[in-house]
Amino acid sequence: MSSALTDLFPHPIVQAPMAGGVSVPHLAQAVSEAGGLGFLAAGYKTADGMYQEIKQLRGLTKRPFGVNLFMPQPDHTDRSAVEVYAHQLAGEAAWYEVELGDPDSGRDDGYDAKLAVLLDNPVPVVSFHFGVPSREVVDSLHRLGTYTLVTATTAEEALAVERAGADAVIAQGMEAGGHQGTHRDLPESDGSGIGLLSLVAQIRETVSLPIVAAGGIMRGSQIAAVLAAGATAAQLGTAFLATPESGAAAVHKQALTNPLFVRTELTRAFSGRPARGLVNRFLREHGPYAPAAYPDVHHLTAPLRKKAAAGGDAQGMALWAGQGHRMAREMPAGQLVEVLAAELDVARTALSDKGGLR
């Protein structure tokens, strides 16, 4: 399975699916055309919106690509906690002159409808975030020739991925930008994530699945490191966020290397689920008391985030970014794949040459 998956793309480089309008078809096309694996993010889109992006991407490239789905979330939300948070955000709503969103806008992200589209119109690769699909779903995709990947943040989660019959596991370290793909959202586990190299090693010793390593990777030398640790490929998100093909807002791209934003932090402030972003005013002020309530909080803050982005206000946006954000390079996505591949070759040569190890 390992070679079957990597046979789809010459370079062991996967562009992370970044929801919220970042992973657009032109970004996926550029990455796939350059020999990596481009990804579309179906999260927060309608089933038809996802389908239209797939059609557009197929018109841009004949190379393999992937589509990412969010798993439906169980309803364990404390409604009173969400109401309290809404009250605490009243000042933000007044400042941005918008109404807060409806926290009861849906928990399944249109999962069944999107899955139906992917079964009727198969794509080369489908990945899953926030949980594990059923064995029946995985088998249905396999029968169509679709490779399946599932995110895991612990070795125990990787075991669940293997039991579901997936082709590979995405090992997401705590360095990763955006949402942590934990299978269960447990507030008592906040801040206890595992670093990527340790996670890859633990998963390597726990399951026999190929591993795609994700979390803070910005250079080809880091790709070489995770491959040496046992991964089959590396998944990069923040590295591609700054490219011109990325659909991220200009102010978000600029913030990655802006000295004003010196660090990242895991927060529930914007969505109710732990997600790593650049520390800004909104995160500092609301992160400490944001409830564990996803996607309720995501729906609640959506109008605030949209208005902040429209006004170029980086202090009110969810500036998702991994720990390596200061290493972002502003270059076309295809060129970035080529640079990463060249850096990987240099690192591999150094590792195989004793004189290169100092």
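Definitions and limits used
- Residues numbered from 1 in each chain as written.
- Predicted model: local features only at pLDDT ≥ 70, side-chain atom pairs only at ≥ 80, totals over all residues.
- Heavy atoms only, no water.
- Helix = DSSP H or I, 4+ residues; strand = E, 2+ residues; numbered from the N terminus.
- Rg over C-alpha atoms; globule rule 2.2 N^0.38 Å.
- Buried < 20%, exposed > 50% of the residue type's maximum accessible area, 1.4 Å probe, protein only.
- Pairing = 2+ DSSP bridges.
- Right-handed = clockwise from strand over helix to strand, strands pointing away.
- 1 Å grid on protein atoms, 1.4 Å probe; cavity = no way out; pocket = protein on both sides within 12 Å on 5 of 7 lines; lining within 4 Å.
- Points joined across faces, edges and corners; volume = space filled by probe spheres on them.

Turning our attention to the overall build of the protein. Each helix and strand in the protein was counted, giving 15 helices and 11 strands. For a compact globule of 358 residues, the expected C-alpha radius of gyration is about 21 Å, and the protein comes in at 19 Å, within 12% of that figure. Principal-axis analysis of the C-alpha atoms gives the protein an extent of 60 × 45 × 40 Å. The proportion of buried residues among the 358 residues of the protein is 55%.

With that out of the way, let us pick up the pairing of strand β9 (residues 233-236). Within a regular beta strand, the side chains point alternately toward one face of the sheet and then the other, so they alternate between its two faces. Residues Ala233 and Gln235 point to one face of β9 and Ala234 and Leu236 to the other, with burial holding for every one of them. Note that strand β1 (residues 13-15) and β9 share 3 bridges and pair parallel. Among the inter-strand pairings, Ile13 is bridged to a residue of β9, identified as Ala234. Pairing between strand β8 (residues 211-214) and β9: 3 bridges, direction parallel. Within β9, the position partnered with Ala214 by the bridge is Gln235. The handedness of the β8 to β9 crossover, carried by helix α10 (residues 220-228), is right-handed.

Time to look at the layout of surface pockets. In this structure, the largest pocket occupies an estimated 1,000 Å³ of space. Considering the residues around the largest pocket, the lining is formed by 49 residues, among which Met18, Ala19, Gly20, Val22 and Trp320 are closest to the centre. For the lining of the largest pocket, the secondary structure elements donating two or more residues are β3 (65-70), β4 (125-129), β6 (168-172), β7 (178-179), β9, α11 (238-241) and α14 (296-310). Looking at the lining of the largest pocket element by element, the count peaks at 6 residues for α14. Taken as a whole, the second largest pocket spans an internal volume of roughly 480 Å³. Every residue lining the second largest pocket is counted, 23 residues in all, and those nearest its centre are Thr182, Leu186, Ser189, Asp190 and Ser192. Counting residues per element, the ones that place at least two in the lining of the second largest pocket are α8 (155-163) and β10 (264-267).

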